[in-house]
Amino acid sequence: QVQLVESGGGLVQAGGSLRLSCAASGRTFSKNAMGWFRQAPGKEREFVAATTWSGGTTYYAYLSDSVKGRFAISRDDAKNSLYLQMNNLKPEDTAVYYCAADPPGSYRNTDYNYWGQGTQVTVSS
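Residues numbered from 1 in each chain as written. Predicted model: local features only at pLDDT ≥ 70, side-chain atom pairs only at ≥ 80, totals over all residues. Heavy atoms only, no water.

1. What about the packing of aromatic side chains?
Next, step 1: Summed over all chains, the structure comprises eight aromatic pairs.
Next, step 2: On the basis of an interplanar angle of 75° and a centroid distance of 5.8 Å, the ring pair of F37 and F47 is categorised as edge-to-face. Here the residue F37 occupies a position in strand β4 (residues 34–39), and F47 occupies one in strand β5 (residues 46–53), the gap between them amounting to ten residues.
Next, step 3: Its relative accessible area of 10% is what places F47 among the buried residues.
Next, step 4: Measuring from centroid to centroid gives 5.2 Å for F37 and Y112, while their planes differ by 80°, and the two rings are edge-to-face. With F37 in strand β4 and Y112 in the loop between β9 (95–101) and β10 (114–115), this pair connects stretches of sequence that are 75 residues apart.
Next, step 5: Here F37 falls in the buried class, since its relative accessible area comes to 0%.
Next, step 6: You can call Y112 buried: its relative accessible area is 5%.
Next, step 7: Taken together, the ring pairs in this structure connect F37, F47, Y62, Y98, Y107, Y112 and W115 into an aromatic cluster. (Phe/Tyr/Trp six-rings, centres within 6.5 Å; stacked < 30°, edge-to-face > 60°. Helix = DSSP H or I, 4+ residues; strand = E, 2+ residues; numbered from the N terminus. Buried < 20%, exposed > 50% of the residue type's maximum accessible area, 1.4 Å probe, protein only.)

See the structure below:
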């Protein structure tokens, strides 16, 4: 059974940092895109960041405009894990953050085949 388990969420003051982790089990995703999405109360789930495989050991990283310059995505295929480093957090970053893997189409769409349960990030002003 494939599982994605997020960790690292919490409460932080504006300007602070958090590092989210996503541990995958049940299969490897070294040749698949993996991404982070978030969903705030009353809003749709939105794309935050993704990393895609381009052959060999080459991966590309993509970030939404709202987090560029503040967030960074990385992966460790040896650990079958995905990370999201979040710096200079703002109250508008408050949301449940989800890890996802293996999208059938664009990495920006929400139709990934596998999802974690989510981890809450709350940024106080």
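2. Some details on the state of the cysteines
Next, step 1: This model, assessed by the stated rule, comprises one disulfide.
Next, step 2: Covalent S-S linkage joins C22 and C99, the inter-sulfur distance amounting to 2.0 Å. Every disulfide takes its handedness from the sign of the S-S torsion; for C22 and C99 that torsion is -70°, giving left-handed. Taken together, the residues span a long stretch of sequence, with C22 in strand β3 (residues 18–25) and C99 in strand β9 at a distance of 77 residues.
Next, step 3: Note on C22: relative accessible area 0%, which makes it buried. (Disulfide = S-S within 2.5 Å.)

3. A closer look at the pattern of salt bridges
A side chain of one charge can pair with a side chain of the opposite charge when the charged atoms of the two come close.
Next, step 1: Enumeration according to the criterion identifies six salt bridges in this entry.
Next, step 2: Notably, a salt bridge pairs R27 with D102, separated by 3.7 Å at the nearest N-O pair. With R27 in the loop between β3 and β4 and D102 in the loop between β9 and β10, this pair connects stretches of sequence that are 75 residues apart.
Next, step 3: Judged by relative accessible area, which is 28%, R27 ranks as partly exposed.
Next, step 4: Note that D77 is salt-bridged to R75, the shortest N-O span being 3.2 Å.
Next, step 5: The structure contains a network of salt bridges with shared partners spanning R38, E46, R70 and D93. (Salt bridge = Lys/Arg side-chain N within 4 Å of Asp/Glu carboxyl O.)

4. Structural notes on unusual backbone geometry
Next, step 1: The phi dihedral of N80 is positive, around 55°, even though this residue is not glycine.
Next, step 2: Of note, N88 is a non-glycine position whose phi angle comes to about 45°, a positive value.
Next, step 3: Mapping N88 onto the fold places it in the loop between β8 (81–86) and β9.
Next, step 4: For N88, a relative accessible area of 42% translates into the label partly exposed.

5. Structural notes on the nonpolar core
Next, step 1: W36, V48, F71, L84, M86 and Y97 are the most contacted members of the largest nonpolar core, which has 25 residues in total.
Next, step 2: Here F71 is in contact with R38, V48, L63, L84, Q85, M86, N87, L89, D93 and Y97, once residues within four sequence places are set aside. (Core = buried A, V, L, I, M, F, W, Y, C linked by side-chain atoms within 4.5 Å. Contact = heavy atoms within 4.5 Å.)

These figures capture arrangement, not role.
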